[in-house]
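Survey of secondary and tertiary structure
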Amino acid sequence: MLASSISSSVLLFLLLLLPPAHPADASMQWVKLEGSPLSHLLLDPSVGQLFVGGVDHLYQLTSDLEVMSHVKTGPLLDSPDCLPPIVAQDCPSATPTHNHNKLLLLEAGAEPRPGAESGSLIVCGSLFQGICEKRSRSNISQLIYRTSNPVDTQYVAANDPRISTVAVVITTQSKQEAGMPGGELRLLLVGRGYTSRGPGDIPPITTRRLHPVAPPRRAFSQEEELGKLVVGSYSEYNNHFVKAVAHGNHVYFLFSRRDMRHTKEYRTYASRLCASDRSFYSYVEVPLLCRGGYNLAQGAWLGDLSGTPALFVVMAAGQASTPIATSRSALCVYTMKDLDATMRRAQEVCYTEGGLDSSGQEEAYIEYAVSSKCLKLPKVLVRPDRSGHLYGSLLVDGGGAIGADLLLDESQRHVYVLTDDRVSKVPVSSCERQTDCLSCLSIRDPYCGWCVLEGRCSRKHECERHLLDNHWLWSFERTNQCVTVQSLQPANQSRDEQTQVTMSVVQLPVLQGAESLSCVFGSMPPQPAVVMGTELTCQSPAPELLPPMPPGSDHMVLPVSLMFGHVTVAMGTMTFYDCGAVSRLNQSSQCLSCVSSWTCNWCPLDQICTHNHSCPRKLVLSHNVRHLSVLLSVLLSVLMTVLLSVLLSVLMTVLLSVLLSVLLSVLMTVLLTVLLSFLLTVLMSALLTVLLSFLLSVLMTVLLQSSFCPQFQFRLSQLQYSAAIYLRRGQRRIDASPGLRLHLYDCSAGQSDCSQCRAVPVEYSCVWCLGSPAPRCVYSQSCSGVPADTCPTPQITQVHPVTGPVEGGILVTITGSNLGTRYQDVVGGVQVADVPCVAQPEGYQISTRVVCELQSSGNHRVGNVQVTVGTTPPGRSTQMFTYQNPKLTGLVPDKGPVSGGTKLTIKGQQLLTGQTSDLAAFLDRQPCFIVNEVTDSQFVCKTSSSNWTGPVPVWVFFGKANRTGPELTFRYLDDPVITKATPAESFYAGGRVIKVTGRNLDVVQEPVISVWVEPLEVQRVKRRRRLALLTARQHLVFNGTMTTVSERCSVLSSSEITCPTPAVPPEVRVKGVWFQLDNVRVHYDSIEGQSFTYYQNPQFFPLNRDAPDAPYRFKPGGVIAVEGLDLTRAMSKDEVQARLGDQDCEVKTLDRTHLYCEPPEDQPLSVDGSSELPMLKVFMGKLQADLGLVQYDSDSLLSPIPLAAQISLGAGAAVIILSVLIVILMYRRKSKQALRDYKKVLLQLETLEINVGDQCRKEFTDLMTEMMDLSSDVGGPGLPLLDYKTYAERIFFPGQQTALLSRQLDLPESRRPTVEQGLQQLNNLLNNRLFLTRFIHTLEAQQGFSQRDRGYVASLLTIALHDKLEYFTEVMKTLLQDLVQQYVAKNPKLMLRRTETVVEKMLTNWMSICLYSFLKEVAGEPLYMLYRAIKYQVDKGPVDAVTGKAKRTLNDSHLLREDIDYSAMTLNVLVKNGVEVQPCPIKVLDTDTITQVKDKILDQVYRGAPFSQRPAADSLDLEWRSGQAGHLTLSDDDVTAVVHGRWKRLNTLQHYKVPDGATVALIPRFLSSGVNQVFQTGESKNRHTSAIRITGNLLTTQTVDHSPDRTVSVSLQGTLQKFVDDVFVAILSTKRPPPIAVRFFFDFLDDMAEKHGIDDPETVHIWKTNSLPLRFWVNILKNPQFVLDVQVTDSIDAVLSVIAQTFIDSCTTSEHKVGRDSPVNKLLYAREIPRYKQLVERYYSDIHSAASGCYQEMNSTLTELSGSFASEMNSLVALHELYKYINKYYDQVIMSLEEDTSGQKMQLAYRLQQVAALVENKVTDL
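The model shown is predicted, which means the values in this text are computed figures rather than measured ones. (Residues numbered from 1 in each chain as written. Predicted model: local features only at pLDDT ≥ 70, side-chain atom pairs only at ≥ 80, totals over all residues. Heavy atoms only, no water.)

A short note on the overall build of the protein
Across its full length, the protein holds 32 helices and 93 strands. Within the protein, buried positions represent 47% of all 1822 residues. Put simply, the protein shows about 90,800 Å² of open surface, and 53% of that area lies on carbon and sulfur atoms. (Helix = DSSP H or I, 4+ residues; strand = E, 2+ residues; numbered from the N terminus. Buried < 20%, exposed > 50% of the residue type's maximum accessible area, 1.4 Å probe, protein only. Areas by Shrake-Rupley, 256 points an atom, 1.4 Å probe, with all protein chains shown as cover.)

This is how it looks when you write it as structure tokens:
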């Protein structure tokens, strides 16, 4: 882990998930742009302009976010599987594709010239394999560079929007190149992830050229000398790049990927590369660790940490072992110094210490062969102690994610933020927006602090006195408190007086010189302040200066500001009150209010409230006695209340009239008021005044509480109402007691019966009055009758439900009246059908409802419901309740998927028992949800999902009672699985049948196909506005707000259902298609990864387009042609139905524009009564097209025939009829015999076909078993591919025993330097195109220059020029152009058919070089599998050891025609495995020779090993071991061999009588023993038996013509078919880009044909066939030993020859006809060749239609090949061999060079003479 020491505070903007943020900053600017999601934001620091890249859009903005320029970059026609340029007909998968911006960079130019622009804008998108372009920085609409025909080296960015791409522009010094002096070289270093589609050979990190670009170089090209990062498997090292930065002399890449070596977890890595390193030798990478489990980098920035460069990385914690980031994130900081030190350490350990540390543990190793979305912008402070603090967040865009491109403007005051659809300009800090100190410090922005004497929130350096204490306050200091007025003395002051005010101030700044502070009260003039330490003294304002008191208030609060000039330093508040206003505002209680508020005093004699301590009449009631007054008031109030209550009670008894009550009340009030007022005025002191004043208050209260008030009425809708009471004199309210309220109530409100009335609380005195006109609930004193002591009998109006199970357990609701006043009244008093029912407290309502739980009755019972309350008689219901016993009788269906969703119909009797809510169904423990109305005999429920499969019981609950049955078992089965659904397209009318195959499909009850559609937006603007929202929701599968259309499917079997596609209106857009299989939903695109497509309906034209109403005239015997458009789109011929009237019109042909149907011979009847003529109707699914009426043409009447002619015709007809009868009789006899023979032959053929089919299937099964065992060895080291050197030797020099590339010059040491110098000069001559072409033409003109010599010289030239393959290719093209010129004049179709010239062999070698990697990576494995399959099949039958003829072969000429009796057997071969010897079973034949047995043993023991690395069979002996000491060495020829005359047969296992299961061993052969066993046909090289001829182990000594059994060949062909197909498909597949060499050469041939005016496509086809399949692939197919390290025997070669011939026949344009006399090998593949022809034609067509212009790509490939294999070529030996031909034809070559004028100028003959003088001391004319 890299640690970094952080010593200062750094501010960063990070992408983190936060709690809800603050609203968007008002000062934030933003602009909404098209192209969501926007991906890149770039700032041009020179002019302050912004560049924004998104989907299909590119913007140029000013610094204030105004759009300067806008460019649309898509959508365009493209496909990741096709190479640009894209042509629709050449790329069927091409569709309009969005262009996602992948890179947006600035390229700095050279020193700008006057009027010229400096640098450009680099833009790379995801279209066209990620090509880039350059645009003007001043106006992006001006295109500077874009290639119209890109090559593969110009593919820069990833073509997948999900794959990341990063890049950085660097400038370095270049050496002299392309004839230009050395200078500045600008390069683009690109890091991109792996893409599975398109070119897959682009390394993770590449270098691209930007400037200079001189032809033939191209901008953005990946040149070989520029370097790239070579890794093992691009898909395995799939880096997710996050950032690329340049720092110092290095370039750094930050990426994450899976650790393939250790933990297999995803980690983040940082890699480094020297900027000047073109070979990537300096590349090194280290993992970045961040404590806390943060392993995935999300963004990175290179910044400064206390002046030290550091890399700030936002890390997120990954979700398990996936690259998906969770919401947990952190900021990790790595200093560049520590990062570089760690990388240097890794390099040192890797390259000097083998990757081990001092303790021997692995510290480094050689890896290669050479976010969460956030809606807010958080701000984070990194503290010096490495901790972080989130100090704020700002809502930038409520609907989008923040991108990683966050840029600071030039002033460092704003940051540009990129979200999905907008660019925002956000202030880095909001200091200026904070207007006071508290808000400035509360935002805790480390940029902001409060400048005290300037009165503003600012950055520190902007405050003039920031260095002085308490002048710039910062929220992150420990004393982070504003300058505050801590206290004011006095805090409250009467407005009628003026005094000194003292303020205590915290954090008071120190002033300088004569500076002073002042106090400001409100808006009044400032008062000077006297500073004494932390306190200040000011004079309060004069009373006349104070503002008027606010209306309705007795005080006002004025701010007190401490000012420095015009700046407010601190602020407090001071309250000014008005005692006079206190009494004015409290007229009802003036005295109490006066002495209870502020510091006011009450003057009772003057009736005024004043702040003074004296009154005009001297008597003062001070505010200091108010606490005592309260106490006395309470005591006296209690006393007086008691006394007066007793007095008034007595008076109420005597005085009953209302009038006396009123008079007494008024009289007492007046008397008491006068008396007490007099006492208060004259007699009492201050204390007595208080006491009696409260006596007055108490007395008034008592009077009001008495019943001396008049009666009144007030209607209530509720039981009670609370009203306030107060005393008023006239209109003036005298005083009031706050807690005095009158409670009014009405007994009859809401009490409708006796029980409800009696339930009213006792304190209300409500009774149930039985008076007239009807009983009701009234106040007890208002009842004119007799109150009822008990309530009437309960009445029951309804019982629900009226049925229940005999077990009880359900709730019964009883409603009525007089059902008790409380729950306890009905406890034990409820019975249902004479069975007690337990009342439930939860459902009881007073008097009106009782809910009880039904108890068990034991059996069926019917009765009423009765309720008993207290001692009253019980109330009974009129409804009868029934106890019943429900039963379950069955269910349908009895099975369903384990995911549920099956609608289960449960049948029974009396199912309506209890309430519907009491009914519940369960499948074991899983609920079954009732979905429709329940009847007495059945109900339907939908099954829920289960965790297991199998039978489960079905339970139905009626409350707490349950029912089941022995036959009520439901079986949960495995969910249906869909494996295939075809076709994948339909038209809008629907009705096309989709055939769905899979497993367990019959368990589905209601299979449905559904289509999710949404309406199309009519207006273009609406569509654009919704683009961002749709993009953000693209991961959703289903949206309930959208519409679905569905169709029911039909279940045919457990593995097949059919679904008609739903009809979809054309004005909607299809969003998805899925199959709803009960609760299982299968989306169509999840079945085989293919989406379902809806197309426009096919269009039909009327039969009579000119006159649609006129009938179509049809002549019987023909067909009706129907015209239309797009008839085959989403439709096939077998799905179309045509009807003519009431009969079918058989569809014969269907293409895009025509439908041909054959109507019946006789005109059908019309099915439409409106016309007698039949109507032709075409049905395509639900689409019906009425095409018009059809009228049959009748034959015209013949003209009358003369009588004589009629007689002659009659006689002639009689003779003819007689002759015909005779012929018919003879034919009938012959035909019966032929029919019998035909049936006999047909039966034989059927039997033969069945036998061949069975044999083929068995053979194929055995072969696939063997191949599966073999496939584990293939793909890695198990594929025995030859190295390039051996491969080149076998291709260039076939059949030669000595390896030219391994030879050395056989020269004396004294001559070696001179000869090598001469050969080097010869090499220089060969690099002269004129010399080389003249040399080749001269040799070919010589009569003694044989065809073998031509091929040999061509191969020597290939070796000599192998390090300059580009030059070699140009020479080859020149010679081919000459060859084309020759054949065009004769017969162009014969060109390249044979290797008759040097250039044709050069072409063969060139193809071999260029296709070696294709053989190695693509075609090698299927070729090896085909070889092993052939060998396995051939070895299963007998093979003659001498002639190579086999019983199992495809080649008729190598077919073993003898009837051989053989049997398979197994030998136990002792194989030594380490120190242990183990038996290994090997299958052989008893007719195998001993050598054949040894070969089979070696094949099995060394399976997968190269043939050259296993021991030879001749070096081993086969020893048969039996028992302890029984050892017999077996050999092909010994004294026991059978001799017939002069013929000796090779020994076999059958000869030695070796039994099945015998034990054998291979032992080394001693040199002294054994005989030479190399045999040829008819003779032996054994000198001891020179007179004896050796015959094979299977051939007889006499020639016998056996009729061969070719059924074996047929079965063998069927068995090998898969492997032959695999090879042909690998060679001719169009799914992958063809090899660049093939594209290049085919383009060359097309150009030659066009140049010479050859329009015949067959001629060009023949050229291509002769150059590639015939010249290269046939050679490889016939000789796999050229590519693979294997042994090809004669029997295998015979089979390969047939396959190679089949490949040749497939590449020809002539029709492949076979007949009775055709060879068997032609007949075997007669059915396959047409299919192979289509492969070839499509292969040629795709290459021809693909983008041309691959010359640059070809040159790059040739340059790479030249450097890769040049060191393995022995060029000196090749040059020496070439010189031998120069020496042989020396004079002719010299003469040819001298005759050429250009050669004379270049002195080619002279230079060749110099070579001759050096190589062999030849005497020349020098």
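Thoughts on the pattern of salt bridges
Taken as a whole and judged by the stated rule, the model has 51 salt bridges. With a closest N to O distance of 3.9 Å, Glu-1316 and Arg-1312 form a salt bridge. Here Arg-1312 and Glu-1316 lie together in helix α13 (residues 1312-1326), a separation of four residues that amounts to about one turn. Overall, Glu-1316 belongs to the partly exposed group, its relative accessible area being 29%. By relative accessible area, which is 19% here, Arg-1312 ends up buried. Across the pair Glu-1400 and Arg-1671 runs a salt bridge, and its minimum N-O distance is 3.9 Å. Of this pair, Glu-1400 sits in helix α17 (residues 1398-1410) while Arg-1671 sits in helix α24 (residues 1669-1678); the two residues are 271 residues apart in sequence, bridging distant segments of the chain. Residues Glu-1400 and Arg-1671 agree in their burial class; the two are buried. (Salt bridge = Lys/Arg side-chain N within 4 Å of Asp/Glu carboxyl O.)

A short note on a nonpolar patch on the surface
Together, Ile-1216, Ile-1217, Val-1220, Leu-1221 and Ile-1224 give the surface a local cluster of nonpolar side chains, amounting to about 450 Å² of exposed area. Within the element layout of this structure, Leu-1221 appears in helix α11 (residues 1203-1271). (Patch = residues over 30% accessible without salt bridge, like charges linked within 9 Å, V, L, I, M, F, W, Y side chains within 5 Å.)

Here we look at the state of the cysteines
A complete count under the given rule lists 19 disulfides for this structure. Here Cys-451 pairs with Cys-463 through a disulfide, and the sulfurs are 2.1 Å apart. With the S-S dihedral at roughly 70°, the linkage between Cys-451 and Cys-463 falls on the right-handed side. Taken together, the positions of Cys-451 in strand β28 (residues 449-451) and Cys-463 in the loop between β29 (456-458) and β30 (472-474) put the pair 12 residues apart, joining distant regions of the chain. There is a disulfide in this structure between Cys-928 and Cys-941, and the S-S distance comes to 2.1 Å. Looking down the S-S bond of the Cys-928 and Cys-941 bridge, the torsion is 90°, so its handedness is right-handed. In this pair, Cys-928 is assigned in strand β60 (residues 926-930) and Cys-941 in strand β61 (residues 938-943), connecting sequence segments 13 residues apart. (Disulfide = S-S within 2.5 Å.)

Remarks on the pairing of strand β59 (residues 919-923)
Residues Leu-919, Ala-921 and Leu-923 line the buried face of β59, whereas the alternating positions Ala-920 and Phe-922 sit on a face that is not buried. Of the pairings in the sheet, the one linking β59 to β60 comprises three bridges and is antiparallel in character. Paired with Ala-921 across the strands is Cys-928, a residue of β60. Hairpin remark: β59 followed by β60, antiparallel, with two residues in the connecting loop; positive phi at Asp-924, about 60°. (Pairing = 2+ DSSP bridges.)

A closer look at the side chain of Asn-1547
Looking at the element boundaries, Asn-1547 is found in the loop between β89 (1543-1545) and α20 (1549-1552). A distance of 2.8 Å separates the side chain of Asn-1547 from the side chain of Asp-1534, its partner in a polar contact. With residues up to four places along the chain from it excluded, the contact list for Asn-1547 reads Asp-1488, Thr-1489, Ile-1490, Ser-1531, Asp-1532, Asp-1533, Asp-1534, Thr-1536, Ala-1537, Val-1538 and Tyr-1552. (Polar contact = N/O pair within 3.5 Å; in protein donor to acceptor, adjacent residues only side chain to side chain. Contact = heavy atoms within 4.5 Å.)

Structural notes on the environment of Asn-1770
For Asn-1770, the location among the structural elements is in the loop between α28 (1751-1765) and α29 (1771-1784). C-alpha separation for the pair Asn-1770 and Ile-1359, spaced 411 residues apart in sequence, amounts to 7.1 Å.

What about the sheet that holds strand β33 (residues 500-506)?
Sheet architecture is open: four strands sit in the order β31-β33-β37-β36, paired in antiparallel fashion. Both edges of this open sheet fall to β31 (484-489) and β36 (530-532), since each of them pairs with a single strand only. Going across the sheet, the axis of each strand differs from the next one's by a mean of 25°, ignoring polarity. By the bridge criterion, three bridges tie β36 to strand β37 (residues 535-539) in an arrangement that is antiparallel. Across the sheet, Met-532 pairs through a bridge with Glu-535, a residue of β37. (Axes fitted to C-alpha atoms, helices over the stretch in contact; angles between N-to-C directions.)

Quick word on the nonpolar core
Within the largest apolar cluster, 138 residues are counted, with the highest numbers of intra-cluster contacts made by Trp-1406, Phe-1641 and Trp-1673. Broken down by element, the residue count for this core peaks at 12 residues, all from helix α18 (residues 1412-1435). By size, the runner-up hydrophobic cluster in this structure holds 36 residues, among which are Leu-473, Val-501, Met-549 and Met-556. (Core = buried A, V, L, I, M, F, W, Y, C linked by side-chain atoms within 4.5 Å.)

Side note on helix α15 (residues 1347-1360)
Here α15 contains 14 residues, and its C-alpha end-to-end distance of 20 Å stays within 8% of the 20 Å for a straight helix at 1.5 Å per residue. Counting buried positions along α15 yields 12 of 14 residues, so the element is predominantly enclosed. Along α15, the positions that sit buried rather than exposed are Asp-1349, Arg-1350, Gly-1351, Tyr-1352, Val-1353, Ala-1354, Ser-1355, Leu-1356, Leu-1357, Thr-1358, Ile-1359 and Ala-1360. Among the structural elements, α12 (1284-1292), α13, α14 (1329-1340), α16 (1365-1385), α17 and α29 are those in contact with the buried residues of α15. (Expected span 1.5 Å × (residues − 1).)

Points about the packing of α24 against helix α25 (residues 1690-1707)
Across the interface, α24 lies against α25 with an axial gap of 8 Å and an inter-helix angle of 155°. Between α24 and α25, the angle falls in the class roughly antiparallel. As α24 packs across α25, the resulting crossing turns out to be right-handed. Taking contact as the criterion, the partners of Pro-1669, Leu-1670, Trp-1673, Val-1674, Leu-1677 and Lys-1678 in α24 are, on α25, Asp-1693, Leu-1696, Ser-1697, Ala-1700, Phe-1703, Ile-1704 and Cys-1707. Within the contact of α24 with α25, the residues separate by chemical class into 10 nonpolar, one polar and two charged. (Parallel < 35°, antiparallel > 145°, perpendicular 65-115°, else oblique. Left-handed = near helix turned anticlockwise from the far one by under 90°. Nonpolar A, V, L, I, M, F, W, Y, C, P; charged D, E, K, R; others polar.)

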